[in-house]
Amino acid sequence: MKTTLTCMPSTGRPAASITWRKMSKTGMSIDLTQTAVYNITELDNGMLMSKSSIDLKPLRWENDTRIFCEATNNISNVTQKEVKLYVQYPPDKPHFEYVAQNEFARHGELQYNKLIVKEGSSFTVLCRSDGDPPPTCTWNISNDVKSPNLIFTSITKEDIGLYECTAENVIQVFLKYEGKKSTSRAVLDIDVLYPSRILKFNVTDVEKKNTYFEVTENETIHFVCGVDSNPVSTISLSFKEEELWRNIASQVSLKLGA
């Protein structure tokens, strides 16, 4: 945003010359006079009034920079006024910090906006954002629930999903007016690793008798093995300690007695 500063020293004769400079937080002085607009007006009493304006577009790293206006007409001493820049800016895109809280969680891996953890992990994810004034960061857990921290106690596969964090601050353009609200958002993708769970194991199209299936020699039978895991499991089928089949699949067709 452009900011205009105006310097208008006391009237006199000859007219006062005006110089501008800025002093960074590190003490470096930079002359700004060449970028200023300067004019002289003669008043009814014969005095001359000098006026100078300068346009600035300060950056965030120029916060606390001091701007000096210096005036002299070679008769009086140099007079000086200064202002200090307070640079406000909207929130940056939030970033995340992972804090493990149990042994399972120590193996968690956070890369940018993707978090991979083991089932049973207890941890907190912090949402951070840079801005001035300092932003308020909030996790939008549901339509009705918002929290400054994302906390999991013994995470499960039901917690897999996307979680949004919103950073918000209010930039006060002029002190006498209501400030402008600014927001920035980021989404965290949480993936939970958990071991294999066999959901079903049976034979299709064959009549079950008590605890066994009765089949005819050379008949093709279909074994169905349903497994839930993350990452996807490798399923193997064995008979009398001999592995008959291995692959990533949920249904096996195997001809016995040939």
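Residues numbered from 1 in each chain as written. Predicted model: local features only at pLDDT ≥ 70, side-chain atom pairs only at ≥ 80, totals over all residues. Heavy atoms only, no water.

Brief notes about the pattern of salt bridges
Right, on to step 1. The tally for this structure, following the rule as stated, stands at twelve salt bridges.
Right, on to step 2. Salt bridges linked by common partners bring Arg60, Asp92 and Asp130 together as one network. (Salt bridge = Lys/Arg side-chain N within 4 Å of Asp/Glu carboxyl O.)

What to know about the side chain of glutamate 70
Right, on to step 1. Relative to the helices and strands, glutamate 70 resides in strand β6 (residues 66-72).
Right, on to step 2. In terms of polar contacts, glutamate 70 uses its side chain to reach the side chain of arginine 21, at 2.9 Å.
Right, on to step 3. The residues contacting glutamate 70, other than those within four sequence positions of it, are Ser17, Ile18, Thr19, Arg21, Val78, Thr79 and Gln80. (Helix = DSSP H or I, 4+ residues; strand = E, 2+ residues; numbered from the N terminus. Polar contact = N/O pair within 3.5 Å; in protein donor to acceptor, adjacent residues only side chain to side chain. Contact = heavy atoms within 4.5 Å.)

Here we look at the sheet that holds strand β3 (residues 29-31)
Right, on to step 1. Spatial strand order, β3-β2-β6-β7: four strands in an open sheet with antiparallel pairing. What marks the edges here is a single partner per strand, and that holds for β3 and β7 (79-84). When strand polarity is set aside, the average angle formed by the axes of neighbouring strands in this sheet is 25 degrees.
Right, on to step 2. In terms of strand pairing, strand β2 (residues 17-23) meets β3 through three bridges, oriented antiparallel. In the strand pairing of β3, arginine 21 is matched with aspartate 31. (Pairing = 2+ DSSP bridges. Axes fitted to C-alpha atoms, helices over the stretch in contact; angles between N-to-C directions.)

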